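What follows is the residue order along each chain.
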Amino acid sequence: MQPEFWHDRWDRNQIGFHLQEVNPYLTRWWPSLEVAQGSRVLVPLCGKSLDLSWLAAQGYEVLGVELTQTAVEQFFAEQKVMPTIRQHGAFKVYEAGPVSILCGDILELSAADVADCSAVYDRAAMIAFPDDMRAAYARHLTQVLPMGCKGLLITLDYDQSQMKGPPFSVPHAEVESLLSPAWSLEVVEQPDVLNQEWKFLKGGVTRLVERVYRLKKTCTP
(Lines give C-alpha, C1' and ligand atoms only; values in the text may rest on other atoms or scores of the structure.)
Protein backbone atom coordinates (compact mmCIF):
# COMPACT_ATOMS: atom_id res chain seq x y z
CA MET A 1 0.00 0.00 0.00
CA GLN A 2 1.60 3.21 -1.20
CA PRO A 3 1.47 6.62 0.56
CA GLU A 4 -0.55 7.95 -2.37
CA PHE A 5 -3.47 5.77 -1.25
CA TRP A 6 -3.81 7.68 2.04
CA HIS A 7 -3.05 11.07 0.49
CA ASP A 8 -5.87 10.45 -1.98
CA ARG A 9 -8.28 9.38 0.76
CA TRP A 10 -7.67 12.61 2.65
CA ASP A 11 -7.77 14.78 -0.46
CA ARG A 12 -11.14 13.25 -1.39
CA ASN A 13 -12.37 13.45 2.22
CA GLN A 14 -12.95 9.69 2.19
CA ILE A 15 -12.17 9.39 5.87
CA GLY A 16 -14.88 7.17 7.31
CA PHE A 17 -12.23 5.92 9.73
CA HIS A 18 -12.20 9.33 11.43
CA LEU A 19 -14.36 9.41 14.57
CA GLN A 20 -16.35 12.55 15.31
CA GLU A 21 -15.87 11.92 19.04
CA VAL A 22 -13.20 10.74 21.43
CA ASN A 23 -12.84 6.98 21.24
CA PRO A 24 -14.83 5.47 24.15
CA TYR A 25 -12.26 2.71 24.66
CA LEU A 26 -9.64 5.39 25.25
CA THR A 27 -11.64 7.18 27.92
CA ARG A 28 -12.66 3.89 29.54
CA TRP A 29 -9.32 2.10 29.67
CA TRP A 30 -6.56 4.73 29.54
CA PRO A 31 -6.80 5.57 33.26
CA SER A 32 -6.13 1.90 34.10
CA LEU A 33 -2.65 2.18 32.57
CA GLU A 34 -1.69 4.60 35.36
CA VAL A 35 0.56 6.66 33.10
CA ALA A 36 1.85 9.65 35.08
CA GLN A 37 0.55 13.06 34.04
CA GLY A 38 3.16 15.01 32.14
CA SER A 39 4.37 11.87 30.37
CA ARG A 40 4.68 11.81 26.61
CA VAL A 41 2.30 9.61 24.62
CA LEU A 42 3.00 8.38 21.09
CA VAL A 43 -0.03 8.19 18.77
CA PRO A 44 0.88 6.44 15.48
CA LEU A 45 -1.10 7.31 12.33
CA CYS A 46 -3.03 9.87 14.33
CA GLY A 47 -4.90 11.59 11.49
CA LYS A 48 -6.84 14.49 12.97
CA SER A 49 -8.19 12.40 15.83
CA LEU A 50 -9.92 14.10 18.74
CA ASP A 51 -8.10 11.57 20.90
CA LEU A 52 -5.01 13.78 20.67
CA SER A 53 -6.82 16.66 22.34
CA TRP A 54 -8.35 14.37 24.96
CA LEU A 55 -4.93 13.04 25.96
CA ALA A 56 -3.56 16.58 26.10
CA ALA A 57 -6.50 17.64 28.30
CA GLN A 58 -5.60 14.83 30.73
CA GLY A 59 -2.22 16.42 31.25
CA TYR A 60 -0.07 14.51 28.77
CA GLU A 61 2.42 15.64 26.17
CA VAL A 62 1.23 14.13 22.90
CA LEU A 63 3.40 13.06 19.97
CA GLY A 64 1.38 12.11 16.92
CA VAL A 65 2.81 10.68 13.71
CA GLU A 66 0.85 11.12 10.49
CA LEU A 67 1.76 10.49 6.87
CA THR A 68 -0.61 12.99 5.25
CA GLN A 69 -0.06 16.72 5.60
CA THR A 70 -3.75 17.45 4.92
CA ALA A 71 -4.74 15.53 8.05
CA VAL A 72 -2.20 17.37 10.19
CA GLU A 73 -3.28 20.78 8.93
CA GLN A 74 -6.94 19.94 9.47
CA PHE A 75 -6.29 18.86 13.04
CA PHE A 76 -4.78 22.19 14.07
CA ALA A 77 -7.31 24.20 12.04
CA GLU A 78 -10.22 22.42 13.72
CA GLN A 79 -8.62 22.93 17.13
CA LYS A 80 -8.32 26.62 16.22
CA VAL A 81 -4.63 26.81 17.04
CA MET A 82 -1.72 27.94 14.88
CA PRO A 83 1.19 25.50 15.09
CA THR A 84 4.82 26.31 14.66
CA ILE A 85 6.39 24.30 11.86
CA ARG A 86 9.96 23.09 11.55
CA GLN A 87 11.91 20.35 9.82
CA HIS A 88 13.38 17.51 11.86
CA GLY A 89 15.17 14.91 9.77
CA ALA A 90 12.62 13.15 7.57
CA PHE A 91 9.70 14.81 9.34
CA LYS A 92 7.94 18.15 9.15
CA VAL A 93 7.04 18.90 12.77
CA TYR A 94 3.86 20.78 13.73
CA GLU A 95 3.70 21.95 17.36
CA ALA A 96 1.12 23.79 19.43
CA GLY A 97 0.98 23.57 23.21
CA PRO A 98 1.20 19.96 24.42
CA VAL A 99 0.53 18.46 20.96
CA SER A 100 3.24 17.79 18.40
CA ILE A 101 2.67 15.91 15.15
CA LEU A 102 5.47 14.54 13.01
CA CYS A 103 4.34 14.51 9.38
CA GLY A 104 6.06 11.68 7.53
CA ASP A 105 6.64 7.93 7.38
CA ILE A 106 6.41 6.31 10.81
CA LEU A 107 9.08 3.80 9.79
CA GLU A 108 11.51 6.75 9.75
CA LEU A 109 10.91 7.27 13.48
CA SER A 110 14.08 6.80 15.52
CA ALA A 111 14.60 5.66 19.08
CA ALA A 112 15.81 9.18 19.90
CA ASP A 113 12.52 10.63 18.63
CA VAL A 114 10.51 8.57 21.15
CA ALA A 115 13.04 8.14 23.96
CA ASP A 116 10.84 10.17 26.31
CA CYS A 117 7.58 8.40 25.39
CA SER A 118 6.18 6.55 28.38
CA ALA A 119 3.11 5.29 26.54
CA VAL A 120 1.67 4.52 23.12
CA TYR A 121 -1.92 4.63 21.91
CA ASP A 122 -2.68 2.74 18.69
CA ARG A 123 -6.29 3.01 17.53
CA ALA A 124 -5.67 3.27 13.80
CA ALA A 125 -2.17 2.14 12.84
CA MET A 126 -2.06 -1.64 13.31
CA ILE A 127 -5.29 -2.10 11.36
CA ALA A 128 -4.27 0.33 8.60
CA PHE A 129 -1.37 -1.77 7.30
CA PRO A 130 -1.59 -4.87 5.08
CA ASP A 131 0.23 -8.00 6.28
CA ASP A 132 3.81 -7.30 5.25
CA MET A 133 3.75 -3.64 6.27
CA ARG A 134 2.02 -4.52 9.55
CA ALA A 135 4.88 -6.80 10.52
CA ALA A 136 7.42 -4.10 9.66
CA TYR A 137 5.44 -1.53 11.66
CA ALA A 138 5.15 -3.73 14.75
CA ARG A 139 8.82 -4.67 14.58
CA HIS A 140 9.91 -1.04 14.19
CA LEU A 141 7.73 0.24 17.04
CA THR A 142 9.05 -2.50 19.30
CA GLN A 143 12.63 -1.58 18.44
CA VAL A 144 12.36 2.17 19.02
CA LEU A 145 10.04 2.48 22.03
CA PRO A 146 11.73 2.40 25.45
CA MET A 147 11.52 -0.43 27.95
CA GLY A 148 8.58 -0.13 30.32
CA CYS A 149 6.46 1.75 27.78
CA LYS A 150 2.76 1.12 28.41
CA GLY A 151 0.04 1.20 25.82
CA LEU A 152 -3.47 0.75 24.58
CA LEU A 153 -4.05 -1.08 21.29
CA ILE A 154 -7.39 -1.42 19.49
CA THR A 155 -7.78 -3.94 16.67
CA LEU A 156 -10.50 -5.37 14.43
CA ASP A 157 -11.11 -9.08 13.90
CA TYR A 158 -13.32 -10.23 11.04
CA ASP A 159 -13.28 -12.65 8.10
CA GLN A 160 -10.98 -10.89 5.65
CA SER A 161 -12.36 -13.00 2.80
CA GLN A 162 -15.75 -11.29 3.25
CA MET A 163 -14.39 -7.78 2.78
CA LYS A 164 -11.00 -6.39 1.94
CA GLY A 165 -9.37 -3.70 4.04
CA PRO A 166 -8.36 -1.23 5.13
CA PRO A 167 -9.14 -1.34 7.96
CA PHE A 168 -7.64 -4.82 8.03
CA SER A 169 -8.47 -7.74 10.29
CA VAL A 170 -5.77 -8.48 12.88
CA PRO A 171 -6.81 -11.58 14.85
CA HIS A 172 -5.59 -12.19 18.38
CA ALA A 173 -3.11 -14.87 17.29
CA GLU A 174 -1.48 -12.38 14.92
CA VAL A 175 -1.23 -9.70 17.60
CA GLU A 176 0.53 -12.23 19.83
CA SER A 177 2.88 -13.17 17.00
CA LEU A 178 3.68 -9.54 16.22
CA LEU A 179 4.22 -8.28 19.76
CA SER A 180 5.20 -11.21 21.99
CA PRO A 181 7.46 -11.74 23.83
CA ALA A 182 8.68 -8.13 23.89
CA TRP A 183 5.25 -6.89 25.01
CA SER A 184 2.94 -8.26 27.66
CA LEU A 185 -0.63 -8.36 26.33
CA GLU A 186 -3.91 -8.26 28.19
CA VAL A 187 -7.27 -8.29 26.42
CA VAL A 188 -9.58 -6.01 28.41
CA GLU A 189 -12.58 -5.87 26.08
CA GLN A 190 -13.68 -7.62 22.87
CA PRO A 191 -17.25 -6.82 21.85
CA ASP A 192 -18.85 -7.80 18.54
CA VAL A 193 -19.81 -4.41 17.08
CA LEU A 194 -21.10 -5.52 13.68
CA ASN A 195 -24.56 -4.04 14.21
CA GLN A 196 -22.98 -0.62 14.76
CA GLU A 197 -20.90 -0.65 11.56
CA TRP A 198 -23.03 -0.24 8.43
CA LYS A 199 -20.01 -0.40 6.09
CA PHE A 200 -19.20 -3.93 7.26
CA LEU A 201 -22.83 -5.03 7.29
CA LYS A 202 -23.24 -3.76 3.74
CA GLY A 203 -20.04 -5.54 2.74
CA GLY A 204 -21.40 -8.88 3.90
CA VAL A 205 -19.29 -9.28 7.02
CA THR A 206 -20.91 -11.65 9.53
CA ARG A 207 -18.72 -10.98 12.60
CA LEU A 208 -16.77 -7.90 13.65
CA VAL A 209 -14.91 -7.93 16.95
CA GLU A 210 -13.15 -4.86 18.32
CA ARG A 211 -10.42 -6.04 20.65
CA VAL A 212 -8.80 -3.75 23.20
CA TYR A 213 -5.40 -4.58 24.66
CA ARG A 214 -3.35 -3.21 27.50
CA LEU A 215 0.34 -3.43 26.63
CA LYS A 216 3.67 -3.08 28.35
CA LYS A 217 7.11 -3.48 26.84
CA THR A 218 8.87 -5.91 29.16
CA CYS A 219 11.96 -7.05 27.25
CA THR A 220 14.21 -6.25 24.30
CA PRO A 221 13.29 -8.06 21.07
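This one's a predicted model, so the numbers in the text were calculated from it and none came from an experiment.

## Focus: the overall build of the protein
Right, on to step 1. Regarding its fold elements, the protein presents seven helices and nine strands.
Right, on to step 2. Against the 2.2 N^0.38 benchmark of 17 Å for 221 residues, the protein shows a C-alpha radius of gyration of 17 Å, consistent with a compact globule.
Right, on to step 3. With 221 residues in all, the protein has 48% of them scored as buried.
Right, on to step 4. Within the protein, contacts between residues separated by at least 24 positions form 69% of all contacts whose residues are at least 6 apart in sequence.
Right, on to step 5. Surface accessibility of the protein: about 10500 Å² in total, with carbon and sulfur atoms responsible for 51%.
Right, on to step 6. Of the charged side chains in the protein, 20 are positive and 27 negative, and the gap between their average positions amounts to 1 Å.

## Concerning empty space enclosed by the protein
Right, on to step 1. Applying the stated criterion across every chain yields a total of one cavity of 30 Å³ or more.
Right, on to step 2. By volume, the largest cavity is sized at about 100 Å³.
Right, on to step 3. What lines the largest cavity is Val 120, Asp 122, Met 126, Tyr 137, Ala 138, Leu 141, Thr 142, Leu 152, Leu 153, Leu 179, Trp 183 and Leu 215.
Right, on to step 4. Breaking the lining of the largest cavity down by element, the ones donating at least two residues are β6 (117-122), α5 (131-144) and β7 (150-157).
Right, on to step 5. Among the elements that line the lining of the largest cavity, the one with the most residues is α5, at four residues.

## Brief notes about the sheet that holds strand β8 (residues 183-189)
Right, on to step 1. Judged by pairing direction, the sheet is mixed, and its nine strands sit side by side in the order β3-β4-β5-β2-β1-β6-β7-β9-β8 without closing on themselves. Unpaired on one side and paired on the other, β3 (84-88) and β8 mark the two borders of the sheet. Taking the axes of each pair of neighbouring strands and ignoring which way they run, one obtains an average angle of 25° across the sheet.
Right, on to step 2. Most of the contacts of helix α6 (residues 172-179) go to β8, to which it runs at about 155°, and overall it touches β7, β8 and β9 (209-217).

## Regarding the pattern of salt bridges
Right, on to step 1. A full pass over the atoms with the stated rule returns nine salt bridges.
Right, on to step 2. One salt bridge in this structure joins Asp 116 and Arg 40, with 3.5 Å as the shortest N-O distance. One end of the pair, Asp 116, is in the loop between β5 (99-103) and β6; the other, Arg 40, is in strand β1 (residues 40-44), and 76 residues separate them in sequence.
Right, on to step 3. Salt-bridge contacts for Asp 131 lead to Arg 134; the nearest nitrogen and oxygen are separated by 3.2 Å. Taken together, the residues Asp 131 and Arg 134, both in helix α5 and three residues apart, mark about one turn of the helix.
Right, on to step 4. Take Asp 131: its relative accessible area is 56%, and that puts it in the exposed class.
Right, on to step 5. Salt bridges sharing partners connect three or more residues here, namely Asp 131, Arg 134 and Glu 174.

Rules and cut-offs
Residues numbered from 1 in each chain as written. Predicted model: local features only at pLDDT ≥ 70, side-chain atom pairs only at ≥ 80, totals over all residues. Heavy atoms only, no water. Helix = DSSP H or I, 4+ residues; strand = E, 2+ residues; numbered from the N terminus. Rg over C-alpha atoms; globule rule 2.2 N^0.38 Å. Buried < 20%, exposed > 50% of the residue type's maximum accessible area, 1.4 Å probe, protein only. Contact = heavy atoms within 4.5 Å. Areas by Shrake-Rupley, 256 points an atom, 1.4 Å probe, with all protein chains shown as cover. Lys, Arg positive; Asp, Glu negative; His and termini not counted. Charge placed at Lys NZ, Arg CZ, Asp CG, Glu CD. 1 Å grid on protein atoms, 1.4 Å probe; cavity = no way out; pocket = protein on both sides within 12 Å on 5 of 7 lines; lining within 4 Å. Points joined across faces, edges and corners; volume = space filled by probe spheres on them. Pairing = 2+ DSSP bridges. Axes fitted to C-alpha atoms, helices over the stretch in contact; angles between N-to-C directions. Salt bridge = Lys/Arg side-chain N within 4 Å of Asp/Glu carboxyl O.

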